[in-house]
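Topology and contacts: notes
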Amino acid sequence: FLKGLAYKMKGDLTGAIQGFSSTIHDDGYFLPAFFERGNCYLIRENYRLAVFDFDRVLLIDSNFVPAYNNRAYARIRNYGDKENPVFQLKFAREDLKRGIQITQQRGQAPTFESYYNLGLVELFQSEYAAAASAFGVAIQVNSQIAKSYYFRGASRFLNREYELAAEDFKLAESMGFVSKDTPEFLRVISLIE
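**Description of the overall build of the protein chain**
Looking only at helices and strands, the protein chain has 11 helices and zero strands in total. Starting at the N terminus and walking to the C terminus, you meet the elements of the protein chain as α-α-α-α-α-α-α-α-α-α-α. Projected onto the principal axes, the alpha-carbon positions of the protein chain cover approximately 65 × 35 × 35 Å. Going through the 193 residues of the protein chain one by one, you find that 44% of them count as buried. Restricting the contact set of the protein chain to residue pairs at least 6 apart, pairs at least 24 apart contribute 48%. Total accessible area computed for the protein chain in this model is approximately 10500 Å², and 52% of it derives from carbon and sulfur atoms. When the 23 basic and 23 acidic side-chain charges of the protein chain are each reduced to a single mean position, those positions are 3 Å apart.

**Observations regarding helix H11 (residues 182–192)**
The α-helix winds at 3.6 residues per turn, so residues separated by three or four positions along the chain end up facing the same way. Among the residues of H11, Thr182, Phe185, Leu186 and Ile189 are the ones counted as buried. Angular distribution of buried residues about the axis of H11 spans 95 degrees; they occupy a single face of the element.

**Points about the nonpolar core**
Of all hydrophobic cores here, the largest spans 23 residues; its most connected members are Cys40, Leu42, Ala50, Phe54, Val57, Ala67 and Ala74. Mapped onto this core, the elements with two or more residues apiece are helix H2 (13–26), helix H3 (31–44), helix H4 (47–60) and helix H5 (65–77). If one sorts the elements of this core by residue count, H3 sits on top with seven residues. Among residues more than four places away in sequence, those in contact with Phe54 are Phe35, Gly38, Asn39, Leu42, Ala67, Asn70 and Arg71.

**Comments concerning the packing of aromatic side chains**
Overall, the coordinates contain 15 aromatic pairs when judged by the stated rule. Counting every residue linked through ring pairs, the aromatic cluster contains Phe112, Tyr116, Phe135, Tyr150, Phe151, Phe157, Tyr162, Phe169, Phe177 and Phe185. The aromatic ring of Tyr29 is capped on one face by Arg56, whose charged end is 5.7 Å from the ring centroid.

**Regarding the pattern of salt bridges**
One pass over the full model with this rule turns up 11 salt bridges. Between Arg71 and Asp55 there is a salt bridge, with its nearest N and O atoms 2.5 Å apart. Linking Arg71 in helix H5 with Asp55 in helix H4, this pair joins segments that are 16 residues apart in sequence. Residue Asp95 pairs with Arg71 through a salt bridge whose shortest N-O separation is 2.6 Å. Of this pair, Asp95 sits in helix H6 (residues 85–105) while Arg71 sits in helix H5, and the two are 24 residues apart along the sequence. Arg71 carries the same exposure label as Asp95, and that label is buried. Residues joined in a network through salt bridges with shared partners are Asp55, Arg71, Arg75 and Asp95.

**Here we look at unusual backbone geometry**
Of note in the backbone geometry, Glu45 takes a positive phi value of approximately 65 degrees without being a glycine. Despite not being glycine, Ser126 shows a phi value in the positive range, around 65 degrees. Note on placement: Ser126 falls in the loop between helix H7 (112–124) and helix H8 (128–141).

**Structural notes on empty space enclosed by the protein**
For the coordinates displayed, the defined rule picks out one cavity of 30 Å³ or more. Approximately 30 Å³ is the volume attributed to the largest cavity. Those elements giving two or more residues to the lining of the largest cavity turn out to be H6 and H7. Looking at which element gives the most residues to the lining of the largest cavity, the answer is H6, with four residues. Of the residues belonging to the lining of the largest cavity, the class tally is three nonpolar, five polar and no charged.

The rules behind each value
Residues numbered from 1 in each chain as written. Predicted model: local features only at pLDDT ≥ 70, side-chain atom pairs only at ≥ 80, totals over all residues. Heavy atoms only, no water. Helix = DSSP H or I, 4+ residues; strand = E, 2+ residues; numbered from the N terminus. Buried < 20%, exposed > 50% of the residue type's maximum accessible area, 1.4 Å probe, protein only. Contact = heavy atoms within 4.5 Å. Areas by Shrake-Rupley, 256 points an atom, 1.4 Å probe, with all protein chains shown as cover. Lys, Arg positive; Asp, Glu negative; His and termini not counted. Charge placed at Lys NZ, Arg CZ, Asp CG, Glu CD. Arc of directions from axis to C-beta. Core = buried A, V, L, I, M, F, W, Y, C linked by side-chain atoms within 4.5 Å. Phe/Tyr/Trp six-rings, centres within 6.5 Å; stacked < 30°, edge-to-face > 60°. Lys NZ or Arg CZ within 6 Å of the ring centre and 35° of its normal. Salt bridge = Lys/Arg side-chain N within 4 Å of Asp/Glu carboxyl O. 1 Å grid on protein atoms, 1.4 Å probe; cavity = no way out; pocket = protein on both sides within 12 Å on 5 of 7 lines; lining within 4 Å. Points joined across faces, edges and corners; volume = space filled by probe spheres on them. Nonpolar A, V, L, I, M, F, W, Y, C, P; charged D, E, K, R; others polar.

Everything listed is a geometric property; what it means functionally is a separate question.
And the structure:
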């Protein structure tokens, strides 16, 4: 396992995957090896194998929150590669909500990644109010990430909260996140006003 970690730290994903696979061969219940191998597959953009490893992690420990977030991320990234992406997004939403629920039950602080990814899923599922709310929590956790303001602005725009959307777009731009769509959003808001 340590050899796999060393290869991963060096950037040698093939060596890392071999090291983690050897560990799994020796101990089929060693959660860290499945988790780290899944992360290597994420880096390689082999989302199907990443999901498989995170599935295994959650079979071993159904309360291991990072596996829910990473499995959801793999499903989100796999969005365009599936025949029916709605199911991938539905499962990603369930993973993120389960991870958030476990975190809340433990009395732990929310994580930016969980709420940010949930916001993206809700946005893609056309649940604009829920997306804006999730991005809002992500912003409360870490207010320094400009793209979260942009996506909250997009969610608010699509939910017809134009003034709030304009504030978010302008804030995202002032923080350095420039999207080619921002001027068009602001132009439409100006026309509506």
